[in-house]
Amino acid sequence: MARSLPGFLALIVAVALICCSFAAAASTFQPISESHRSAALETFDRSYGSLEETYEALQTFDVLGVERKPDVGTAACQSVSQTLVSSSSTLKDIFYALKVNGVLKCEVDADSVEGIVSTLQTAVGSASSLLEFYHSIGGLVLVKNQALKDDLYLADAEGVFRSIKALSQSDGRWRYSSSNPESSTYAAGLALEALAGVISLSSSEIDQSLIGTTKNDILKLFERVEKYDDGAVYFDGEESDAHENQGPITSTWSVIRGITSFAAVTSGNLNLPGEKILGLAKFFLGVGIPGDAKDFFNQVDSLACLENNRVAIPLILSLPATVNSLTRKDTLKVKVSTVLGSDAPPLKIKLVRAKDTPAIESQELKFDSANKVHVLDTLEKSVDVGNYIFVFEIVFNDPEHKKAYAVESKTEVPIFLTGAVKVGNAKIAVLDSDLGSIETQNLDFAGENLVSLGANHLQKLKLRFQLTTPLGHPFKPHQAILKLTHESKVEHVFVVGNTGKQFEIVLDFLGLVEKFYYLSGKYEIQLTVGDAVMNSFFRVIGHLDLDLPEAPEKAPRPPVQPADVYSRYGPKAEIAHIFRAPEKRPPQELSLAFLGLTVLPLLGFIIGLLRLGVNLKNFPSAAAPAAFAALFHVGIGAVLLLYVFFWLKLDLFTTLKILGFLGVFLLFVGHRTLSHLASTSSKVKSA
Amino acid sequence: NEQLAIPQLRQSSYRHETPPTNPSRRCLHLGYFGGKRLHKISWSAPKPSPLTRSAPMAKLAIFFTLTLSLLPFLSHSFSPDTPTDRRILVLLDDFSLKSSHSIFFTSLKSRGFDLDFKLADDPKLSLQRYGQYLYDGLILFAPSVERFGGALDVAAVLDFVDSGHDLIVAADTTASDLIKSVATECGVDFDEDPSAMVIDHQGYAVSDVDGDHTLIAADELIRSDVILGKTKIEAPVLFKGIAHSLNAANTLALKVLSGSPSAYSANPSAKLSSPPSLTGSAISLVSVVQARNNARIMISGSLDLFSNRYMKSSVQKAGSPSKYEKSGNEQFVTEVSKWLFHERGHLKAGNLRHLKVGETGEPAMYRIKDDLEFYVDIFEWSGNSWEPYVADDVQVQFYMMSPYVLKTLSTDKKGLYHTSFKVPDVYGVFQFKVEYQKLGYTSLSLSKQIPVRPFRHNEYERFIPTAFPYYGASFTTIFFFYLFVFFLVIKTRFAGALQMAGFFIFSVVYLYNNRMVGRPPFSIL
């Protein structure tokens with residue numbers, strides 16, 4: 001087995017993956033059902049590019065019994081007749097055109113059939129590669145089966161058989177052509193189908209030894225089969241450069257087509273073990289509903305081949321429901337059908353035993369002929385709630401059927417029997433250390449009343465309850481959890497243990513203070529009791545006010561609790577800047593009043609001046625000094641006026657500039673005035 | 001950890017604005033160092049063949065065809081202007097997943113994504129070539145892979161996210177240590193017990209064939225339109241897989257789908273002896289992480305959640321009367337993937353501008369107590385175009401060491417956000433800051449610096465009524481002086497000289513005092 005390491009790893013991974021995803025769903029396989037039909041409509045609801053795709057869609061619809069759209073048929077028939085008339089059609093086109101014709105039964109005129117047959121027959125004669133053989137022989141077989149032409153025979157059937165056979169490898173795989181050493185399982189399937197075609201087209205008997213060696217090849221091929229834990233088998237795909245990657249689904253489909261068509265045309269038995277055929281059926285049923293059109297077709301076509309084959313027809317034992325309620329008095333129904341869901345031959349189903357449960361003994365299921373299911377209706381009397389693994393066996397009424405059908409010798413099915421479990425004797429109490437109960441309260445899980453308890457670190461909390469099954473046995477659920485949640489969302493989870501009949505938990509707070517992070521306050525008490533087979537419940541019992549000692553310095557801090565995601569992001573509170581308040585000012589009236597007061601002395605002065613009479617005796621009387629004196633006073637007035645303007649609007653530079661000129665002027669006239677005054681006063685002195 | 005972080009820090013530390021508070025996990029802070037996403041060039045080298053090697057002309061021709069064939073890629077690949085991912089690498093355990101999860105993949109393809117399916121142990125696996133990333137997103141649908149093939153490892157995946165790319169990780173009960181460690185690095189801790197599954201005896205999906213209550217009909221979804229779309233997901237989401245929890249200190253990770261209060265994580269086939277490590281609402285079934293560089297990560301504890309089977313299956317939650325024809329999985333997965341690949345919730349802000357009321361241009365500086373108007377444009381990427389973003393919680397801060405003003409912006413519903421406020425009476429160098437963080441949206445962080453100066457000397461109030469008595473006193477004194485000079489004092493030379501000197505001193509004092517603008521004149525007097 002020359003396989004690269006990555007490929008091998010991929011295989012292991014694939015096995016693990018598929019096992020989990022399918023075994024988890026149910027280890028029983030369900031036959032093709034209504035969901036497949038609706039999925040088929042969705043998957044193939046599109047335009048088809050080639051005749052191959054058209055054929056795949058039509059064949060899938062045909063097998064599943066889905067009504068196809070009428071316009072698909074006419075368009076496809078047109079394309080079929082075009083392909084059959086055209087001289088440029090390849091072998092593959094002709095092959096698929098004939099396949100489509102096989103489904104649609106288009107009207108094909110006899111002339112083109114003659115032409116096609118001669119084309120195909122020359123192609124068989126000159127064929128060198130496996131695909132050429134496959135398409136040409138396949139085409140001839142289709143012509144024959146559709147009765148388009150009578151007395152169609154292959155001239156040298158045995159020779160063709162030998163040349164195809166020459167491509168086989170010792171390990172059961174086949175090569176695509178003699179020049180290409182690569183071989184694959186997919187090619188093996190094609191070759192077997194082609195060989196089956198040769199046999200059906202041959203006019204004389206093919207040499208039995210040749211058929212015998214081919215049967216041996218098939219057995220060898222089945223040695224390469226891969227297996228899942230649940231019994232499904234498949235042929236692994238190969239990676240090859242020359243042809244597109246053949247996944248396990250395509251490879252397995254090809255082999256199934258090959259062996260079923262080969263078995264159909266040869267007499268005698270293929271000696272294939274029935275469980276392998278059943279395993280192939282399980283593989284395709286386990287795939288579920290493929291999303292890919294090609295995989296979908298391969299699945300459906302493979303199952304259709306297995307549905308009616310001469311090797312062994314697989315029968316699938318399935319249960320419509322593995323979860324049954326004892327309270328509702330559900331009956332256990334078992335159905336046996338073919339892979340596509342058709343009825344099985346008359347048979348009996350026996351419940352042999354239930355694993356690890358000695359109470360259930362062997363019994364036969366009643367056949368309900370109206371619904372075609374086998375029914376076990378004595379469940380609720382003898383069996384309690386729980387999960388069991390039932391072992392079923394199929395016994396044929398007609399022993400001859402044992403050879404024609406492939407069934408599992410013993411089918412193990414996990415069964416869940418659910419029922420209402422009664423809760424009783426539920427009590428909650430806070431105990432002192434000497435076990436003297438302070439307050440015991442009965443709990444009523446059905447009602448809404450909550451208990452309110454208080455405890456300190458020297459006390460204990462005790463909770464007890466009983467669970468009984470409908471048959472009166474004590475019941476142990478998978479989940480019996482007591483949860484104490486502090487106001488700060490710190491949670492403490494305890495498993496409620498059971499001692500024989502009853503569940504009891506005692507929380508000694510003295511030993512738990514560290515675990516409780518010394519957090520005093522209100523704790524919410526939640527009890528969850530749940531199991532797959534009971535009426536589970538989740539209840540808030542009440543709350544407990546716990547008074548724990550102060551935490552020492554080195555005590556562990558309670559873990560950070562996740563913040564609420566919704567409040568984490570909201571907008572922040574707006575911030576408006578608070579401006580500095582302006583300084584306090586007195587009212588304007590007060591300022592104006594004081595302004596008036598400041599004017600009063602000036603008024604007094606002016607009035608005084610008027611009263612006293614103005615003394616202008618010293619003002620020079622001569623023309624020139626009088627002019628200078630007048631100019632001096634005007635100058636001073638101008639400077640003072642400049643100061644007023646400076647206060648009102650001018651800036652310092654303008655003011656100083658003007659003041660400069662005024663100052664020089666003032667100095668000059670001032671000097672003249674003063675010198676005049678001086679001269680007059682000296683005259684007065686000297687006089 | 002340190003060594004890994006340092007070169008990235010150096011590379012783009014200019015984006016490093018807010019330091020991490022608690023970078024306990026690498027992925028938590030990996031976002032700090034990611035800069036803007038760079039415009040990536042897709043690149044594929046031709047297979048070296050003897051033909052092309054021999055002739056230089058052939059080389060040249062190949063180079064040209066390569067460049068030409070890259071052109072459409074360039075326009076389709078990710079860029080800051082079109083933030084949706086384009087090329088996605090899907091790593092699978094098995095190619096059968098391609099078919100069993102085809103609805104999810106088809107929906108991605110129909111939305112224009114270019115999916116590249118590879119086996120997780122493909123020896124040719126690589127996320128980048130010649131320093132350029134080949135993909136914009138990575139989907140890890142390979143829960144059981146123990147070792148990636150090729151050049152891919154946990155560090156490479158994290159670097160991929162570090163550089164702003166998106167990631168979907170799906171695990172299930174077969175989850176390998178590798179997948180768990182990828183999740184751990186992103187701040188999500190899967191239950192360490194390898195056989196544990198999420199069990200919920202209250203919130204399970206009613207089924208005839210699945211009896212152990214591990215198939216959960218989960219309906220505790222995050223309330224976020226941006227992550228889950230505007231249409232409410234009515235039907236519960238089917239989940240079967242393992243539980244994980246988020247670190248409480250991790251503010252970047254969100255539980256999108258969480259467990260009900262009665263859920264717990266345990267091995268369904270073994271007796272429960274010790275308390276389960278994860279219970280109740282602490283259990284996260286599906287989480288998303290948005291790193292600080294806006295890379296998005298989705299972590300699911302169930303691979304089947306994405307499968308065709310669950311998407312098509314009808315669902316009825318235990319104890320609930322309503323039965324749905326179709327589970328919420330398809331809608332859930334489609335909507336979350338839209339968010340994940342940046343078809344939604346990706347914001348772009350720009351054109352941040354401000355002006356003084358009554359003016360048109362943007363000033364270089366504000367004075368205290370100026371009235372200003374502030375504008376910013378915010379757009380949301382809708383998958384193919386930038387649409388105006390409408391929200392009422394975008395805020396601007398006027399910030400110097402701490403926000404002085406924080407105001408909510410109003411929008412004109414065309415992407416323009418506006419507000420106006422008065423500059424505070426504190427001078428210094430301020431910043432306009434728009435820091436926008438909203439559940440599920442990419443975070444926005446813009447800022448613009450602006451200095452604020454105090455009043456100039458001539459900008460104070462000029463004539464204060466309170467000072468009127470001073471003015472009055474001054475000017476009556478001046479007038480008094482003038483009259484006095486004129487009428488009374490002109491007698492002697494000495495008195496005249498005294499007058500001159502007094503007048504001179506008065507002038508100097510007056511001028512000196514009046515120089516101090518804004519004060520009442522003669523305040524010294």
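Small disclaimer: the values here were computed from a predicted structure and weren't measured.

Engineer: Help me understand the overall build of chain B in this model?
Structural biologist: Along the backbone of chain B there are 13 helices and 28 strands. The buried share among the 525 residues of chain B stands at 53%. For chain B, contacts bridging at least 24 residues in sequence account for 71% of all contacts bridging at least 6. Carbon and sulfur atoms make up 57% of the accessible area of chain B, which amounts to about 23,300 Å² in all.

Engineer: How should I be thinking about the interface of chain B and chain A in this particular structure?
Structural biologist: Interface size is commonly expressed as the accessible surface area that is lost when the partners come together. With 109 residues of chain B at the interface, the matching set in chain A holds 95 residues. For the pairing of chain B and chain A, the buried interface totals around 8,600 Å² over both sides, and the portion due to carbon and sulfur atoms is 67%. Linking chain B with chain A are two salt bridges. The shortest N-O distance in the salt bridge between B:Lys312 and A:Glu42 comes to 3.0 Å. The interface formed by chain B and chain A holds 23 residue pairs in polar contact (both at pLDDT 80 or more) in total. Contributions of two or more residues to the side of chain B that touches chain A are made by helix H5 (96-100), strand E13 (253-258), strand E14 (263-266), helix H10 (308-312), strand E23 (395-400), strand E24 (402-408), helix H12 (468-489) and helix H13 (493-515) of chain B. Tallying contributions element by element places H12(B) first for the side of chain B that touches chain A, with 18 residues. Here the residues of the side of chain B that touches chain A are counted per class, giving 55 nonpolar, 31 polar and 23 charged.

Engineer: Quick question: what am I supposed to make of a nonpolar patch on the surface here?
Structural biologist: Residue and element names in this part refer to chain A. On the surface, a cluster of nonpolar side chains totalling about 560 Å² of accessible area is made up of Leu590, Phe594, Leu597, Leu600, Leu603 and Ile607. Considering the arrangement of structural elements, one finds Phe594 in helix H18 (residues 588-612). Taking relative accessible area as the criterion, Phe594 reaches 43% and is therefore assigned partly exposed.

Engineer: I'm lost on the state of the cysteines in this one. Help?
Structural biologist: In protein chemistry, a disulfide is the covalent bond that joins the sulfur atoms of two cysteines. Residue and element names in this part refer to chain A. All chains considered together, the criterion is met by one disulfide over all chains. Across the disulfide, Cys77 is cross-linked to Cys106 (sulfur-sulfur distance 1.8 Å). One disulfide, between Cys77 and Cys106, carries an S-S torsion of -85° and so falls in the left-handed class. Separated by 29 residues along the polypeptide, Cys77 in helix H4 (residues 70-85) and Cys106 in the loop between helix H5 (91-104) and helix H6 (110-126) bring together distant segments of the chain. Classification of Cys77 as partly exposed rests on a relative accessible area of 22%. Owing to a relative accessible area of 12%, Cys106 belongs among the buried residues under this scheme.

Engineer: I tried to follow the nonpolar core on my own but got confused; where do I start?
Structural biologist: Inside soluble globular proteins, nonpolar side chains tend to come together where they are buried. By size, the foremost hydrophobic cluster in this structure holds 105 residues, and its most contacted members are A:Ile137 and A:Ile164. Ranked by residues supplied to this core, first place goes to helix H9 (residues 185-201) of chain A with 12 residues. In this view, A:Ile137 contacts A:Val124, A:Val160, A:Ile164, A:Ala194, A:Gly197, A:Val198 and A:Leu201; residues no more than four positions away in its chain are not counted. Grouped together as the second largest cluster of nonpolar side chains are 78 residues, B:Val226, B:Val286, B:Met298 and B:Leu352 included.

Engineer: Honestly, the pairing of strand E22 (residues 502-508) of chain A in this entry has me stumped. Any pointers?
Structural biologist: For a regular strand, side-chain orientation follows a simple rule: the groups alternate between the two sheet faces. Residue and element names in this part refer to chain A. Inspection of the sheet shows strand E18 (residues 460-468) paired to E22 by seven bridges, in the antiparallel sense. Pairing of Lys460 across the sheet is with Asp508, part of E22. Judged from the three bridges that link them, strand E21 (residues 497-499) and E22 form a sheet pairing that is antiparallel. The residue bridging Gly497 from the neighbouring strand is Glu504, located in E22. Between E21 and E22, which follow one another and run antiparallel, lie two residues, and Gly500 among them has a positive phi close to 65°.

Engineer: Got a minute to help me understand the side chain of A:Gln479 in this structure?
Structural biologist: The topology assignment puts A:Gln479 in strand E19 (residues 479-486). A distance of 3.1 Å separates a polar atom in the side chain of A:Gln479 from the backbone oxygen of B:Ser262. Not counting residues up to four positions away in its chain, the partners in contact with A:Gln479 are A:Thr528, A:Val529, A:Gly530, B:His201, B:Ser262, B:Tyr264 and B:Leu272.

Engineer: Help me understand the confidence of the model for chain B in this model?
Structural biologist: Low-pLDDT portions of the prediction should not be read for the details of their coordinates. Residue and element names in this part refer to chain B. Averaged over chain B, the pLDDT score is 80; the fraction of residues at 70 or greater is 79%. Of the regions scoring below 50 in pLDDT, residues 1-56 engages in 95 contacts with residues more than four places distant in sequence or in other chains. Low pLDDT, under 50, characterises residues 516-525; the predicted model gives this stretch 18 contacts beyond four residues in sequence or across chains. Across the predicted assembly, pTM comes out at 0.78 and ipTM at 0.77.

Engineer: Would you mind showing me how to read the sheet that holds strand E10 (residues 366-368) of chain A here?
Structural biologist: All names here are of chain A. Across the sheet, which stays open at both edges, the five strands sit in the order E10-E11-E7-E5-E13 with mixed pairing between neighbours. Every other strand in the sheet has two partners, leaving E10 and strand E13 (405-406) as the edge strands with one partner each. Strand direction decides the pairing type here: strand E7 (residues 332-338) and strand E11 (residues 373-376), joined by three bridges, are antiparallel. When the bridges of E11 are listed, Lys333 appears paired with Val375. Against the sheet, helix H12 (residues 274-286) touches strand E5 (313-318) and E13, its axis set at about 60° to E5.

Engineer: I keep staring at the packing of aromatic side chains and nothing clicks. Help me out?
Structural biologist: Aromatic rings in a pair are described by how distant their centres are and how their planes are angled relative to each other. Residues and elements named next belong to chain B. Applying the stated criterion across every chain, the model contains 43 aromatic pairs over all chains. Between the aromatic rings of Phe398 and Phe430, the centroid separation amounts to 4.5 Å while the plane-to-plane angle is 10°, which identifies the pairing as stacked. Remark: Phe430 occurs in strand E27 (residues 428-436) and Phe398 occurs in strand E23; sequence separation between them is 32 residues. Pair check on accessibility: Phe398 and Phe430 agree, each one buried.

Engineer: Before we go on, may I ask you to explain the confidence of the model for chain A in this structure?
Structural biologist: Looking at chain A, pLDDT values average 82 and 92% of them are 70 or higher. With pLDDT under 50 throughout, residues 1-26 of chain A is counted as low confidence; its partners more than four residues away or in other chains account for 42 contacts.

Engineer: Which parts of the structure should I look at to understand the pattern of salt bridges?
Structural biologist: Pairing between side chains becomes possible if they bear opposite charge and their charged atoms approach one another. Residue and element names in this part refer to chain A. A full pass over the atoms with the stated rule returns 33 salt bridges over all chains. Of the charged contacts, one joins Asp171 and Arg224 as a salt bridge, the two residues approaching to 3.9 Å between their closest N and O atoms. Note that Asp171 is positioned in the loop between helix H8 (157-165) and strand E1 (174-175) and Arg224 in the loop between helix H10 (208-223) and strand E3 (226-227), a separation of 53 residues in sequence. When its relative accessible area of 27% is taken as the criterion, Asp171 is described as partly exposed. Residue classification places Arg224 among the partly exposed residues on the basis of a relative accessible area of 23%.

Engineer: Even after reading the chapter, I still don't get H5(A), so can you show me in this structure?
Structural biologist: Residues spaced three or four apart along an α-helix point in a common direction, a consequence of the helix completing one turn every 3.6 residues. Residue and element names in this part refer to chain A. Across its 14 residues, H5 extends 20 Å between first and last C-alpha, which sits within 8% of the 20 Å expected from 1.5 Å per residue. H5 sits mainly inside the fold: 11 of its 14 residues count as buried. Every buried residue of H5 is accounted for by Leu91, Ile94, Phe95, Tyr96, Ala97, Leu98, Lys99, Val100, Asn101, Val103 and Leu104. Backbone geometry just after H5 places Lys105 at a positive phi near 55°.

Engineer: What is the right way to read the packing of H5(A) against helix H7 (residues 130-145) of chain A from this model?
Structural biologist: Each pair of packed helices can be described by the angle between their axes along with the distance between the axes. Residue and element names in this part refer to chain A. Taken N-terminus to C-terminus, the directions of H5 and H7 make an angle of 30°; their axes are 9 Å apart at the nearest point. Relative to H7, the element H5 lies roughly parallel. The way H5 lies across H7 gives a crossing that is left-handed. From H5, Leu91, Lys92, Phe95, Leu98 and Lys99 reach across to H7, where they touch Glu132, Tyr134, His135, Ser136, Gly138, Gly139, Leu142 and Val143. In terms of residue class, the contact of H5 with H7 is built from six nonpolar, four polar and three charged.

Engineer: What's the story with the sheet that holds strand E20 (residues 366-367) of chain B in this structure? I'm lost.
Structural biologist: To summarise the sheet geometry, strands pair through backbone hydrogen bonds and adopt either a parallel or an antiparallel arrangement. Residue and element names in this part refer to chain B. Ordered in space as E20-E28-E27-E23-E24, the five strands form an open sheet in which the pairing is mixed. Two strands in the sheet have a free side with no partner beyond their single neighbour: E20 and E24. Relative to E27, E23 is paired through three bridges, and the arrangement is antiparallel. Paired with Phe398 across the strands is Phe432, a residue of E27.

Engineer: Would you explain H8(A) in this entry?
Structural biologist: Residue and element names in this part refer to chain A. Every buried residue of H8 is listed here: Ala157, Val160, Phe161, Ile164 and Lys165. Seen end-on, H8 carries its buried residues on one side only, within an arc spanning 135°. Each element contacted by the buried residues of H8 is listed here: H6, H7, E1, H9 and H10.

Engineer: So what exactly am I meant to see when it comes to the packing of H8(A) against H10(A) here?
Structural biologist: Residue and element names in this part refer to chain A. Two numbers describe how H8 lies on H10: the axes approach to 11 Å, and their chain directions differ by 30°. In this view, H8 runs roughly parallel relative to H10, as classed from their interaxial angle. The chirality of how H8 crosses H10 is left-handed. Within the contact between the two elements, H8 uses Glu158, Phe161, Arg162 and Lys165 and H10 uses Leu210, Ile211, Thr213, Thr214 and Asp217. The residue makeup of the contact of H8 with H10, split by class, is three nonpolar, two polar and four charged.

What counts, and at which threshold
Residues numbered from 1 in each chain as written. Chains lettered and ligands numbered in written order. Predicted model: local features only at pLDDT ≥ 70, side-chain atom pairs only at ≥ 80, totals over all residues. Heavy atoms only, no water. Helix = DSSP H or I, 4+ residues; strand = E, 2+ residues; numbered from the N terminus. Buried < 20%, exposed > 50% of the residue type's maximum accessible area, 1.4 Å probe, protein only. Contact = heavy atoms within 4.5 Å. Areas by Shrake-Rupley, 256 points an atom, 1.4 Å probe, with all protein chains shown as cover. Buried area = accessible area lost by both parts, 1.4 Å probe. Salt bridge = Lys/Arg side-chain N within 4 Å of Asp/Glu carboxyl O. Polar contact = N/O pair within 3.5 Å; in protein donor to acceptor, adjacent residues only side chain to side chain. Nonpolar A, V, L, I, M, F, W, Y, C, P; charged D, E, K, R; others polar. Patch = residues over 30% accessible without salt bridge, like charges linked within 9 Å, V, L, I, M, F, W, Y side chains within 5 Å. Disulfide = S-S within 2.5 Å. Core = buried A, V, L, I, M, F, W, Y, C linked by side-chain atoms within 4.5 Å. Pairing = 2+ DSSP bridges. pLDDT = per-residue confidence, 0-100. Axes fitted to C-alpha atoms, helices over the stretch in contact; angles between N-to-C directions. Phe/Tyr/Trp six-rings, centres within 6.5 Å; stacked < 30°, edge-to-face > 60°. Expected span 1.5 Å × (residues − 1). Parallel < 35°, antiparallel > 145°, perpendicular 65-115°, else oblique. Left-handed = near helix turned anticlockwise from the far one by under 90°. Arc of directions from axis to C-beta.

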